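Per-entry structural report
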Amino acid sequence: MREAGRMGAQTLVLWDVDHTLMETGGVGFELFRTAFEQASGQQLIQAADVTGRTEPAIFRGTVELQNIPYSPALYDRYAALLSAGYVACAGEMAQRGRALPGAAETIAALTQTGKVVQSVLTGNLRPVAETKLQTFGLDAGLDLDVGAYGTDDDVRANLVPVARRRAAEKYQMDFPARATVLIGDTPSDVQAALDSGARIIAVASGKSTSDELRRAGAAVVLPSLHDAQAVVRAVLNSELSSSLSWVMKTQVDAVGPAVLGIDELLADQPRDVTGAAMRAVPGQVAGSGLQGWRRHDGAGFGTMCA
Ligand SMILES: [Mg+2]
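None of these values were measured; they are calculated from a predicted model. (Residues numbered from 1 in each chain as written. Predicted model: local features only at pLDDT ≥ 70, side-chain atom pairs only at ≥ 80, totals over all residues. Heavy atoms only, no water.)

Next up on the list: the overall build of the protein chain. Check the secondary structure of the protein chain and you find 11 helices and 11 strands. Residue burial in the protein chain is summarised as follows: out of 306 residues, 50% are buried. Long-range contacts, defined here as pairs at least 24 residues apart, represent 62% of the contacts in the protein chain between residues at least 6 apart. Taken as a whole, the protein chain presents about 13,700 Å² of accessible surface, with 51% of it coming from carbon and sulfur. (Helix = DSSP H or I, 4+ residues; strand = E, 2+ residues; numbered from the N terminus. Buried < 20%, exposed > 50% of the residue type's maximum accessible area, 1.4 Å probe, protein only. Contact = heavy atoms within 4.5 Å. Areas by Shrake-Rupley, 256 points an atom, 1.4 Å probe, with all protein chains shown as cover.)

Right under this line is the structure:
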């Protein structure tokens, strides 16, 4: 099997859906409430926190909050009602919701590179994800067969190997974790990437601010998808960044904490993929002769210039 990430091979890009590519404009919560009430026969009084969580986990959390006994049959009823609700209300969602600015253009720009396979990594049920993306014309360019969904696992990080396996089977090509890039808007997306060894491009288009996403560990944070080429650069640079930064981390750690304490800006200041100036320490990538910089502003090791 070929290995992705080498020259001419592919990077697996896994998009989060809600608040990264699109928003339902409140229709999503209304459909959740309707499906919950029809499935359980009880009024929705308190919903579990939804941000970054998978649909089955949200449902179980809500059932628990309302002291309703959970059963797989109850969940199946809810899932069927929710999926049907999205289809029935797609027109209303199209009116009240929106594709986020730059989403379609960024998917198209990544497709045009010929170097990526794109799908989703989402807490949504697959039928719901399909309806959301189709409603806003965002499904072209995404191979939804190789995505990972809320029904695959409660833990978001565990969805990464699911998608990698599906992509490997379909494309007969290995997608190592370092050739897998998540794009998402919450600290949960960042954590899923960090825990699974994938790369993360965080987009501050949801509730989380850029600072919150950086603090969660994202080395690359974009304000939005407005600049499609910034995303393309971040995706295509990410494997190089990953391997360089890992080597550099080893090197810097070996040199010791005195180096980590350097707090001056370099004369020739490196910039990260967003064009933002980096505060960084200089160094040489072990065994390669490459000169590079390692960020030391708390954003981690993810962005390197060589
Ligand atoms: Mg999201």
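Picking up where we left off.
Most of strand S7 (residues 180–184) sits inside the fold, with 5 of its 5 residues counted as buried. Here S7 shows two buried faces, one formed by Thr-180, Leu-182 and Gly-184 and the other by Val-181 and Ile-183. Bridge count for strand S2 (residues 11–15) against S7 is 4 bridges, and the pairing is parallel. Across the sheet, the residue bridging to Leu-14 is Leu-182, located in S7. Remark: the S7/helix H8 (residues 187–196)/strand S8 (residues 199–203) crossover connection has right-handed handedness. (Pairing = 2+ DSSP bridges. Right-handed = clockwise from strand over helix to strand, strands pointing away.)

For the rest of this paragraph, the subject is the coordination of the magnesium ion. Surrounding the magnesium ion are the protein donor atoms Asp-16 (OD), Asp-18 (O) and Asp-185 (OD), at 2.1 to 2.3 Å. One chain supplies every donor to the magnesium ion, and in sequence these donors are spaced D-x1-D-x166-D. By relative accessible area, Asp-16 is classed as buried at 6%. (Donors = N, O, S within 2.8 Å, 3.2 Å for Na, K, Ca; no water.)

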